[in-house]
Amino acid sequence: MDEKKIINRLSAVGIGGNIILVIFKLYAGIAGKSSAMVSDAVHSLSDVFASFVAFIGVKMSKKAADKDHPYGHERMECLASMILGVILLVTGFGIGWGGVSTIIEGNYEELAIPSVIALVAAVVSIVTKEAMFWYTRYYAKKLNSSAFMADAWHHRSDALSSIGSLIGIGGAMLGWPVLDSVACVIICLCIFKVAYDILKDAVDKMLDTSCGEDFDKELKEFIWLQSGVDCVDMLHSRRFGNKIYLDAEISVDGTMTLWEAHEISERVHDAVEKQYPDIKHIMIHVNPTRK
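Residues numbered from 1 in each chain as written. Predicted model: local features only at pLDDT ≥ 70, side-chain atom pairs only at ≥ 80, totals over all residues. Heavy atoms only, no water.

Caption draft 1: Fine view of the packing of aromatic side chains. In total, this model carries seven aromatic pairs according to the counting rule given. Here Tyr 135 and Tyr 139 contribute two aromatic rings whose centre-to-centre distance is 5.3 Å and whose plane-to-plane angle is 70°, an arrangement assigned as edge-to-face. One end of the pair, Tyr 135, and the other, Tyr 139, are both in helix α4 (residues 116-143), four residues apart, so they sit about a helical turn from each other. Here Tyr 135 falls in the partly exposed class, since its relative accessible area comes to 26%. Taking 4.9 Å as the distance between ring centres and 85° as the angle between the ring planes, the aromatic pair formed by Tyr 138 and Tyr 139 counts as edge-to-face. Put simply, the rings of Phe 133, Trp 134 and Trp 153 touch in pairs and so form one group of aromatic residues. Over the ring of Tyr 139 we find Arg 9; its NZ or CZ atom is 5.8 Å from the centre of that ring. The ring of Phe 133 has Arg 156 sitting right over it, with the charged end atom 3.9 Å from the ring centre. (Phe/Tyr/Trp six-rings, centres within 6.5 Å; stacked < 30°, edge-to-face > 60°. Helix = DSSP H or I, 4+ residues; strand = E, 2+ residues; numbered from the N terminus. Buried < 20%, exposed > 50% of the residue type's maximum accessible area, 1.4 Å probe, protein only. Lys NZ or Arg CZ within 6 Å of the ring centre and 35° of its normal.)

Structural data, given as structure tokens:
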């Protein structure tokens, strides 16, 4: 798998596809007299910045460890995800505020009725953004990239917002113009939910959050099954960007020589990192078993 080519391709699809959608949806929103479609276009514009931020974050996270960053740069993806989450929050607030303001004003009879082009733009956006979601999600999993996964969900949030636009525009065309503004509020809520999920995941990874009891239990059992290990006395896992670090204490026969005990710890180290590719490093402390 050529990671560099995949990263460049994902970024080109994300940025290029969103720029085309922004132009089309903005034109359809203005020409079709739909505030919901204009809001949808603004959401797609935020996706352009989101895809660019994801690209920069992933590229920087792939940099090798150096003197100032001996543990590597994986957390740059977390930072990129946090920026994406904030972009979504700001976008959602702006869209929601516009819709709420129109609803509160209550001059519904003065609202313009959207035309067919706005409806067509909503359908095109739903299909395109859903396809971009699945495409980006597929390769985000391949790369184990939280930033690109956040970008994928950004595409999904845009598809959801376009569904809201479709409902609002359709309702307005049928004689309920206020539904166009209601759609803006629905879009806002969808965006807030996605932003929350992205920010929570990024913060968890920034704070060295444990991988969970189930994962730790599975690791303990795997280590205990390795030849020469009498017991796993302690195991702590922590997320570091899209990678995992482990600290473990194992017990081995106390009558062994230092070389023999060291050889067991090295075998365990290599076996764990081979079995679990997401684990970047495991630090193993050896305790003697008294018999």
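Caption draft 2: Highlighting the nonpolar core. With 27 residues, the main nonpolar core has Ile 7, Leu 10, Leu 84, Leu 88, Leu 143 and Phe 148 as its most contacted residues. Put simply, the parts of the chain that give this core at least two residues each are α1 (3-31), α2 (35-61), α3 (75-105), α4, α5 (146-173) and α6 (178-206). When residues of this core are assigned to their parent elements, the largest contribution, seven residues, is made by α6. Once you skip the residues sitting within four places of it in the chain, Leu 10 turns out to touch Tyr 135, Thr 136, Tyr 139, Leu 143 and Phe 148. Core analysis: the next-biggest nonpolar cluster, separate from the first, contains 22 residues, Leu 235, Ile 250, Val 272 and Ile 279 among them. (Core = buried A, V, L, I, M, F, W, Y, C linked by side-chain atoms within 4.5 Å. Contact = heavy atoms within 4.5 Å.)

Caption draft 3: A look at the pattern of salt bridges. Going through the model one piece at a time under the given rule, you end up with three salt bridges. Salt-bridge contacts for Asp 197 lead to Lys 193; the nearest nitrogen and oxygen are separated by 2.6 Å. With Asp 197 and Lys 193 both in helix α6 and four residues apart, the pair spans about one turn of that helix. Notably, a salt bridge pairs Arg 267 with Glu 263, separated by 3.4 Å at the nearest N-O pair. Residue Arg 267 and its partner Glu 263 are both found in helix α8 (residues 258-275); the two are separated by four residues, about one turn of the helix. We classify Arg 267 as partly exposed; its relative accessible area is 37%. Looking at Glu 263, the relative accessible area reads 47%, which means it is partly exposed. (Salt bridge = Lys/Arg side-chain N within 4 Å of Asp/Glu carboxyl O.)

Caption draft 4: Inspection of α5 at higher detail. In a regular helix each residue adds 1.5 Å, so 28 residues correspond to 40 Å; α5 covers 40 Å between its end C-alpha atoms and thus fits that length. The element α5 is extensively covered by neighbouring structure, given that 21 of its 28 residues are classed as buried. Where α5 ends, the next residue or the one after it, Gly 175, has phi of about 115°, a positive value. (Expected span 1.5 Å × (residues − 1).)

Caption draft 5: Representation of the pairing of strand β2 (residues 243-253). Pairing analysis gives nine bridges linking strand β1 (residues 231-240) to β2, with the strands arranged antiparallel. Residue Ser 237 lies in a different strand from β2, and its bridge partner there is Leu 246. For β2 and strand β3 (residues 279-289), the ladder comprises ten bridges, and the chain directions are parallel. Note on β3: the bridge partner recorded for Ile 250 is Val 286. (Pairing = 2+ DSSP bridges.)

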